[in-house]
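One-letter residues, chain by chain:
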2 protein chains.
Amino acid sequence: MKLAVTVGDLNGIGIEIALKAHDQIKKLCHPLYIIDQSMLQQASQRLRIDIPEDFETYPCGESFTLQPGKATKESGRYSYDSFLTGIALSRQSIVRGIVTLPINKEAWNKAGIAYKGHTDMLADVFSQDAIMMIGCEHLFVALFTHHIPLKKVPGKIEAKALQAFMQTLYQEIKEEKIGVLGLNPHAGDNGVIGDEEKEISKAIHAANEALMQEVFVGPLVPDTAFTSSMREKIRYFVCMYHDQGLIATKALYFEEGINVSLGLPIIRTSVDHGTAYDKAYHDKNPSTLSYINAVKEAVRLAIKRKKFRI
Amino acid sequence: MKLAVTVGDLNGIGIEIALKAHDQIKKLCHPLYIIDQSMLQQASQRLRIDIPEDFETYPCGESFTLQPGKATKESGRYSYDSFLTGIALSRQSIVRGIVTLPINKEAWNKAGIAYKGHTDMLADVFSQDAIMMIGCEHLFVALFTHHIPLKKVPGKIEAKALQAFMQTLYQEIKEEKIGVLGLNPHAGDNGVIGDEEKEISKAIHAANEALMQEVFVGPLVPDTAFTSSMREKIRYFVCMYHDQGLIATKALYFEEGINVSLGLPIIRTSVDHGTAYDKAYHDKNPSTLSYINAVKEAVRLAIKRKKFRI
């Protein structure tokens, strides 16, 4: 299965991770790295890591001189071009999906790119918001709301929108059991501590009816949803807000975590860390765990989609 | 050091835990169990556990016939009397603090006791709210707000009240470093995703000024506050709302967790589990970990208070 790997900001740790993990990655899929040969050679020399013979590349942008650890206009533009090319290859079904290495927001800003990041750009390209799912194979959380102030969350808990979110999620991940968290302490304790759980219950009921099976369970009491005994039974959860899901995944599996965009025409998974400029080109051996997990999940999702066009 | 152990609902698992853990508990403190001899004998016979010779008791209530696993008026009243007696002994400095085993809300209700639980009753007895701190020695979270609907939380984030909370907390736990979480995703990302962090920053600054040392650090990004590398540096955190703290402590240390009431004239720690009626008197070997940790923490807090009156 061919997957595009977009190399992210070349002044950061992404390319080191891609080079070092290649032997493992090629056992999982056929990676196509979206980087020009000249840039690859420059990075390889600076890192003193040989380019593996079977490191297949696809050109994407304008070469520039690396400035390790710096957010530059050129590195921003290049990472954007790599991502844009990955999207194009995926839309044309030349690859089955994209795995993204980290870009830097400041560098994008310097390059005049208005997006806040990959997810923001995907929403614009496809004119729809992706479902953001974060975690690792032991625990995934899909965020019903994410980058909004906490005070705006309760107003967003509305049965119809939540039901649609849940059904899209199910279409993508096809899991038998998905937990759905309540919003309030003790999931509202039968309405004593907040009542948004009524909307959540409605959404669960309607989604299960539509799917003709009891996929979604809840509203779960948020603070006991992620205990070890719960995680043995359920691995996928719908969370009502950013920190409800991410406090758990990051407390438990920080290094392993990945970021997945669901509900889009293309498959996209990503590492869940940044460019780590302070570690770039310093022989610090950045962890490749998140990247390898991102590739594994892209493969799993592609198989689930069962669109064997490539 | 003498500590009162209030036995909780005798139809639940509390007394089994107290009997089974006694040999360990007596190495930590001098426990005084608030239970009448007749009730202790009845429980011991039903459980087929001998009463240890040095199991010192203090009478408190009206004997009744045990009904294992049932929320009854009598069990509710008795657990209330045990707790009330523990409070009285602590106020009179006959004991240095109280460790509470679980009561049952429904049983209290049947007995005509209007309180929702221990904490609610303490607030009434002492005419002040306690600080609720939950966790274990690896990670403690003090909850600035707790049993209120999530939508009411943002309105409560106010610098003066938070500062007072933080200073009271410090007086009790005397920790060198205490993390303070932001409210919003990414701690507001410099005001882009909510601005309650301004109030939190003000409170941190003012509390540190008043204490003349940099005890409080933050506002921390909530979803990375509890990663393993953070927990190596900081073990005590102030959380803005119930699930912000409890999702982390319960995901990581569910069985070990305890509940501590701070800022009251007396010391009180508690197990962080319920009566588990389904397991009571069934030879299910309930975990004693939370109870033992509650005793350890009561001892630590008593030492910190340095009121060596007993």
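Criteria and thresholds
Residues numbered from 1 in each chain as written. Chains lettered and ligands numbered in written order. Predicted model: local features only at pLDDT ≥ 70, side-chain atom pairs only at ≥ 80, totals over all residues. Heavy atoms only, no water. Helix = DSSP H or I, 4+ residues; strand = E, 2+ residues; numbered from the N terminus. Rg over C-alpha atoms; globule rule 2.2 N^0.38 Å. Buried < 20%, exposed > 50% of the residue type's maximum accessible area, 1.4 Å probe, protein only. Contact = heavy atoms within 4.5 Å. Areas by Shrake-Rupley, 256 points an atom, 1.4 Å probe, with all protein chains shown as cover. Lys, Arg positive; Asp, Glu negative; His and termini not counted. Charge placed at Lys NZ, Arg CZ, Asp CG, Glu CD. Salt bridge = Lys/Arg side-chain N within 4 Å of Asp/Glu carboxyl O. Least-squares fit on C-alpha atoms with pLDDT ≥ 70 in both. Domains from an automatic or database assignment. Buried area = accessible area lost by both parts, 1.4 Å probe. Polar contact = N/O pair within 3.5 Å; in protein donor to acceptor, adjacent residues only side chain to side chain. Pairing = 2+ DSSP bridges. Axes fitted to C-alpha atoms, helices over the stretch in contact; angles between N-to-C directions. Right-handed = clockwise from strand over helix to strand, strands pointing away. Phe/Tyr/Trp six-rings, centres within 6.5 Å; stacked < 30°, edge-to-face > 60°. Expected span 1.5 Å × (residues − 1). Core = buried A, V, L, I, M, F, W, Y, C linked by side-chain atoms within 4.5 Å.

Trainee: Explain the overall build of chain A here, please?
Mentor: When helices and strands are tallied, chain A shows 11 helices and 11 strands. Against the globule reference of 19 Å for 310 residues, chain A gives a C-alpha radius of gyration of 20 Å, in line with a compact fold. A principal-axis box enclosing the C-alpha atoms of chain A has dimensions of 60 × 40 × 35 Å. A buried classification covers 59% of the 310 residues belonging to chain A. Within chain A, contacts between residues at least 6 apart in sequence are counted, and of these 77% link residues at least 24 apart. Here chain A displays about 12900 Å² of accessible surface, and carbon together with sulfur accounts for 47% of that area. In chain A, 36 positive and 36 negative side-chain charges are present, and the distance between their average locations comes to 2 Å.

Trainee: Help me understand the side chain of B:Asp243, please; the structure alone is not making it clear to me.
Mentor: If you trace the backbone, B:Asp243 turns up in helix 10 (residues 242–253). In this structure B:Asp243 is buried but unpaired, with B:Lys250 as the nearest side chain of opposite charge at 7.6 Å. For B:Asp243, the residues in contact, after removing those within four places along its chain, are A:Leu183, A:Asn184, A:Pro185, A:Pro222, A:Asp223 and A:Tyr241.

Trainee: Honestly, the relation of the copies chain B and chain A in this entry has me stumped. Any pointers?
Mentor: A rotation about an axis combined with a shift along that same axis relates the two copies of the chain. By a simple turn and slide, chain B fits onto chain A: the slide is 0.0 Å along the axis, the RMSD is 0.0 Å, and the turn is 180°. A rotation of that kind, with that shift, is consistent with a two-fold axis. Mapped onto chain A, 100% of the interface residues of chain B are again interface residues, and the two copies thus contact each other with one and the same surface.

Trainee: Explain the domain arrangement of chain A to me, please; I cannot follow it from the model alone.
Mentor: Accessible area lost upon the coming together of the parts serves often as the stated size of an interface. All names here are of chain A. Annotation of chain A at the domain level lists domain 1 (1–137 + 257–310) and domain 2 (139–255). Between the C-alpha centres of domain 1 and domain 2 the distance comes to 29 Å. Taken together, the contacts link 21 residues of domain 1 with 22 residues of domain 2. Summed over the shared surface of domain 1 and domain 2, the result is two salt bridges. A salt bridge links Glu175 to Lys304; the nearest nitrogen and oxygen atoms lie 3.5 Å apart. Secondary structure elements with two or more residues in the side of domain 1 that touches domain 2: strand 5 (131–136), strand 10 (258–262) and helix 11 (289–305).

Trainee: Quick question: what am I supposed to make of the interface of chain B and chain A here?
Mentor: Listed as interface residues are 34 residues of chain B and, on the opposing side, 34 residues of chain A. By the criterion of area lost to chain A, the three top residues of chain B are B:Leu150, B:Asp223 and B:Ile247, representing 23% of everything that side buries. In this assembly, chain B and chain A are joined by eight salt bridges. Of the charged contacts in the structure, one is a salt bridge between A:Asp189 and B:Lys105, with a shortest N-O distance of 3.7 Å. One can count 12 residue pairs in polar contact (both at pLDDT 80 or more) joining chain B with chain A. Ranked by residue count, the leading element in the side of chain B that touches chain A is helix 10 of chain B, at nine residues.

Trainee: In this structure, what is going on with the sheet that holds strand 6 (residues 139–143) of chain B? I would like to understand it.
Mentor: Through backbone hydrogen bonds, the strands of a sheet pair up, either in parallel or in antiparallel fashion. Residues and elements named next belong to chain B. The 11 strands are arranged 3-2-1-4-11-10-5-6-9-7-8 in an open sheet whose pairing can be described as mixed. Each edge of the open sheet carries a strand with a single partner, namely strand 3 (57–58) and strand 8 (216–220). Both strand 6 and strand 9 (residues 236–239) contribute to a ladder of four bridges, which runs parallel. Following the sheet pairing, Ala142 is matched in strand 9 by Val238. Where helix 8 (residues 197–211) meets the sheet, its contacts fall on strand 7 (178–181) and strand 8, and the angle it forms with strand 8 comes to roughly 175°.

Trainee: Hey, could you run me through the pairing of strand 1 (residues 2–6) of chain A in this one?
Mentor: Remark: a regular strand shows side chains that alternate across the two faces of the sheet. Residues and elements named next belong to chain A. Among the five residues that make up strand 1, four are buried, leaving the element largely enclosed by the rest of the structure. In this structure, strand 1 lies alongside strand 2 (residues 30–34), joined through five bridges in parallel fashion. Bridge assignment links Ala4 to a residue of strand 2, and that residue is Leu32. Since strand 1 and strand 2 lie parallel, the crossover through helix 1 (residues 14–28) that links them has a hand, and here it is right-handed. Here strand 1 runs beside strand 4 (residues 98–100); their pairing, made up of three bridges, is parallel. Opposite Thr6, over in strand 4, you have Thr100 as the bridge partner.

Trainee: For this particular structure, what's the right way to read the packing of aromatic side chains?
Mentor: Aromatic rings in a pair are described by how distant their centres are and how their planes are angled relative to each other. All names here are of chain A. Tallied over the entire structure, the rule returns 13 aromatic pairs over all chains. Here Tyr80 and Trp108 contribute two aromatic rings whose centre-to-centre distance is 5.7 Å and whose plane-to-plane angle is 80°, an arrangement assigned as edge-to-face. Taken together, the residues span a long stretch of sequence, with Tyr80 in helix 3 (residues 73–91) and Trp108 in helix 4 (residues 105–110) at a distance of 28 residues. Accessibility classification places Tyr80 together with Trp108 in one group, the buried group.

Trainee: How should I be thinking about the sheet that holds strand 4 of chain A in this particular structure?
Mentor: All names here are of chain A. As summarised here, the arrangement of the 11 strands in space is 3-2-1-4-11-10-5-6-9-7-8, forming an open sheet in which the pairing is mixed. The open sheet terminates on both sides in strands that have one partner only, identified here as strand 3 (57–58) and strand 8 (216–220). Here strand 7 (residues 178–181) pairs with strand 9 (residues 236–239) via three bridges, running parallel. The residue bridging Val180 from the neighbouring strand is Val238, located in strand 9. Seen against the sheet, helix 5 (residues 118–125) touches strand 4, strand 5, strand 10 and strand 11 (268–271) and runs at an angle of roughly 165° to strand 11.

Trainee: Can you help me understand unusual backbone geometry in this one?
Mentor: Excluding glycine, residues mostly carry a negative phi; peptide bonds, for their part, are mostly trans. A cis amide bond links A:Gly218 with the next residue in sequence, A:Pro219, at an omega value of 0°. Residue placement: A:Pro219 occurs in strand 8. Residues other than glycine seldom take positive phi values, yet A:Asp283 does so here, at roughly 55°. Tracing the chain through its elements places A:Asp283 in the loop between strand 11 and helix 11. A positive phi angle, near 50°, is found at B:Ala187, a position not held by glycine.

Trainee: Teacher, can you tell me more about helix 10 of chain B here?
Mentor: Every α-helix winds through 3.6 residues per turn, so residues three or four apart in the chain are directed the same way. Residues and elements named next belong to chain B. Between its first and last C-alpha atoms helix 10 spans 16 Å; for 12 residues at 1.5 Å apiece the expected length is 16 Å, and the two agree. Most of helix 10 sits out of view: 11 of its 12 residues are buried. Taken together, the buried positions of helix 10 are His242, Asp243, Gln244, Gly245, Leu246, Ile247, Ala248, Thr249, Lys250, Ala251 and Tyr253.

Trainee: Whenever I open this one, the nonpolar core confuses me. Can you help?
Mentor: Proteins that are soluble and globular tend to have nonpolar side chains buried together. Ranked by internal contacts, the top residues of the largest apolar core, which has 178 residues, are A:Ile15, A:Phe216, A:Tyr291, B:Ile15, B:Phe216 and B:Tyr291. A:Ile15 has contacts with A:Val7, A:Leu10, A:Ile35, A:Leu40, A:Ala43, A:Leu47 and A:Tyr281, leaving out every residue within four places of it along the chain. A:Leu181, A:Phe237, A:Ala248 and B:Phe226 belong to the second-largest nonpolar core, a separate cluster that totals 38 residues.

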